[in-house]
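Structural features, examined
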Amino acid sequence: IVKMVMRKVDLRSDTVTKPTETMRAAMASADVDDDVLGHDPTAARLEKEMARIMGKEASLFVPSGTMANLISVLIHCEIRGSEVILGDYSHIHIYENGGISTIGGVHPRTVKNNEDGTMDIDRIEEAIRDPSFEICYPTTRLICLENSHAHSGGRCLTVEYTDKVGELAKKHGLKLHIDGARIFNASIALGVPVSRLVQAADSVTACLSKGLGAPAGTIIAGSKSFISRAKILRKTLGGAMRQVGVICAAALVALEENVGKLESDHKKAKLLAEGINKIKGLKVDVASVETNIVYVDIVEELSITEIELFKKLEALGILVLPEGPLKYVKYILFELIYLLEALFQYICLELLIRLVVHHQISESDVLYTLSCIQKALTGLPSENGGN
């Protein structure tokens with residue numbers, strides 16, 4: 001009996017990639033030592049290269065993006081009760097367990113994210129506390145941006161916008177941190193070097209295990225004094241590791257081999273978006289697909305939930321991520337007399353699924369995914385297992 005092998009296309013995230021053979025070979029032969037003592041040569045080589053790429057004095061390898069952002073915020077807001085301004089749909093605010101508050105005692109002050117991931121400059125400035133009234137207000141010390149902006153579908157923040165936020169931060173004596181989990185995607189999409197894209201930032205993170213495809217880790221970059229303090233906090237949080245060069249070796253391969261593949265990822269995401277947009281009952285804002293993330297709206301007339309579609313696709317070997325109906329929460333702000341502001345919110349109940357392209361997704365996989373989506377919606381039998 002011949003068992004049919006189901007073809008699988010994993011579009012849940014760009015974090016699901018497997019290490020390439022080149023990465024595995026580099027990991028097996030990595031020159032390592034005790035990185036907690038600062039002696040691991042492979043980790044040092046990665047940190048030096050990433051500092052160069054990001055245009056900063058120094059950088060530091062940490063296990064995860066969540067830890068990287070937490071360390072960065074805690075350094076800039078070292079006094080408990082400090083306040084950070086960040087987007088209401090930023091990764092730090094929603095997806096990092098509220099760590100800046102529970103661990104650092106840092107208060108988040110959110111500003112509405114626009115559909116392109118930006119925050120209006122004037123709204124950021126309005127959110128900065130008046131330091132003369134510190135007897136009541138927390139002290140604003142930091143502004144955080146996210147580039148590319150995941151919850152906006154991988155939209156990119158331009159150099160011009162980032163520079164304006166940097167100028168605003170300096171004007172008020174604040175620091176600027178960029179959550180650059182997918183900063184390489186933004187760099188490729190905009191045609192701007194990473195170093196220029198984050199020039200205005202006092203600190204920046206870059207994930208190694210998303211678009212770059214390494215198995216684990218994130219880099220924090222900043223000034224030498226900032227990174228010296230980051231090393232201490234990394235140890236405090238349990239993120240200092242010994243022969244970490246084994247992991248850093250794979251990241252060095254990722255920098256050499258996979259940065260150049262990001263443009264192809266973006267093209268395949270566009271191809272996927274355009275194909276889905278032609279399928280009756282589904283809708284994609286193709287113009288908003290700037291990098292490797294595709295959000296799909298299920299129109300009301302289709303009478304199917306995102307979970308139902310998710311399960312049908314899973315049965316066909318297509319793995320996607322259901323986003324649920326609460327992706328978009330919109331706010332209407334009314335200014336009343338005496339500058340009183342009343343905030344009203346309403347929820348756009350859009351059923352969404354998310355698909356993320358990475359370097360291990362081929363154009364054939366994209367075309368196959370489109371055929372499976374069509375089958376899932378029409379009820380036609382699957383031919384999974386073919387090429």
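Here, the structure is the one placed above.
Below or above, wherever it landed, is the structure these notes cover. (Residues numbered from 1 in each chain as written. Predicted model: local features only at pLDDT ≥ 70, side-chain atom pairs only at ≥ 80, totals over all residues. Heavy atoms only, no water.)

What about the overall build of the protein chain?
Put simply, the rule reads: Numbering of helices and strands runs from the N terminus, with a helix taken as a DSSP run of H or I at least four residues long and a strand as a DSSP run of E at least two residues long. Burial here depends on accessible area, computed with a 1.4 Å probe over protein chains only, as a share of the maximum for the residue type. Under 20% is buried, over 50% is exposed, and the range in between is partly exposed. Every residue pair with non-hydrogen atoms within 4.5 Å of one another is taken to be in contact. For accessible areas, the Shrake-Rupley method is used with a probe of radius 1.4 Å. Any residue's cover is judged against the shown protein chains and nothing else.
Within the protein chain one finds 14 helices and 15 strands. Counting every position in the protein chain, which comprises 387 residues, the buried fraction comes to 52%. Nonlocal contacts in the protein chain, meaning residues at least 24 apart in sequence, comprise 72% of its contacts between residues at least 6 apart. Of the roughly 18200 Å² of accessible surface on the protein chain, 54% is carried by carbon and sulfur atoms.

As for the environment of Ser-303
With respect to the element layout, Ser-303 can be found in the loop between strand E10 (293-298) and helix H13 (306-315). You can call Ser-303 exposed: its relative accessible area is 69%. For Ser-303 and Gly-281, which are 22 residues apart along the polypeptide, the C-alpha to C-alpha distance reads 9.0 Å.

Examining a nonpolar patch on the surface
What counts, and what does not: Think of a patch as exposed residues, more than 30% relative accessible area, with no salt bridge, where like charges cluster within 9 Å and nonpolar side chains (Val, Leu, Ile, Met, Phe, Trp, Tyr) cluster within 5 Å. Only one rule defines a salt bridge in this text: a Lys or Arg side-chain nitrogen within 4 Å of an Asp or Glu carboxyl oxygen.
Taken together, the side chains of Phe-133, Ile-135 and Tyr-137 make up a nonpolar region of the molecular surface, amounting to roughly 320 Å² of accessible area. Along the chain, the position of Ile-135 falls in the loop between helix H6 (121-127) and strand E5 (139-146). Note on Ile-135: relative accessible area 75%, which makes it exposed.

Some points on the environment of Met-119
Examined against the element boundaries, Met-119 turns out to sit in the loop between strand E4 (107-111) and H6. Met-119 sits 26 residues away from Leu-145 along the chain, and the two C-alpha atoms are 8.6 Å apart. If sequence neighbours within four positions are ignored, Met-119 has contacts with Leu-86, Gly-87, Val-111, Lys-112, Asn-113, Asn-114, Ile-124, Cys-144, Leu-145 and Tyr-161.

Let's talk about the packing of aromatic side chains
Put simply, the rule is: Two aromatic rings, drawn from Phe, Tyr or Trp (for Trp, its six-membered ring), form a pair once their centres lie within 6.5 Å of each other, and the interplanar angle then sorts them: stacked below 30 degrees, edge-to-face above 60, tilted otherwise. Charge-over-ring contacts are defined here by two conditions on Lys NZ or Arg CZ: a distance within 6 Å of the ring centre and an angle within 35 degrees of the ring normal.
Here the structure, examined in full by the defined rule, presents one aromatic pair. For the ring pair Phe-133 and Tyr-137, a centre distance of 5.1 Å and an interplane angle of 80° mean the geometry is edge-to-face. Its guanidinium or amino end placed over the ring of Tyr-368, Arg-7 lies 4.4 Å from that ring's centre, counting from NZ or CZ. Residue placement shows Arg-129 over the ring face of Tyr-137; its charged tip is 5.2 Å from the ring centre.

What about the state of the cysteines?
Here is the rule: A pair of cysteine sulfur atoms is labelled a disulfide when the two atoms are within 2.5 Å.
Tallied over the entire structure, the rule returns zero disulfides. This cysteine, Cys-77, is not joined by any disulfide, and Cys-144 carries the nearest cysteine sulfur, 7.5 Å off. Under the relative-accessibility criterion, Cys-77 is labelled buried at 2%. For Cys-144, a relative accessible area of 4% puts it in the buried group.

A few points about the sheet that holds strand E7 (residues 203-207)
Defined as follows: DSSP calls a pair of strands paired once it identifies at least 2 bridges connecting them. Between N-to-C directions, angles cover 0 to 180 degrees, with each direction set by a line fitted to C-alpha atoms, over the stretch in contact for helices.
The strand order across the open sheet formed by seven strands is E2-E8-E7-E6-E5-E3-E4, and the pairing between neighbours is mixed. Across the chains shown, the open sheet's two edge strands, defined by having one partner strand only, are strand E2 (58-62) and E4. With strand direction ignored, the average angle separating the axes of adjacent strands in the sheet is 20°. Both strand E6 (residues 175-180) and E7 contribute to a ladder of four bridges, which runs parallel. Note on E7: the bridge partner recorded for Gly-180 is Ala-206. Packing against the sheet, helix H7 (residues 159-171) makes contact with E5 and E6, and its axis sits at approximately 150° to E6.

Points about helix H3 (residues 65-76)
Which entries qualify depends on this criterion: Expected span, for any helix, means 1.5 Å times one less than how many residues it has.
For H3, built from twelve residues, the straight-helix expectation of 16 Å at 1.5 Å per residue is met to within 8% by its first-to-last C-alpha distance of 17 Å. The buried count for H3 comes to ten of twelve residues, which makes it a mostly enclosed element. All buried positions along H3 are accounted for by Met-67, Ala-68, Asn-69, Leu-70, Ile-71, Ser-72, Val-73, Leu-74, Ile-75 and His-76.

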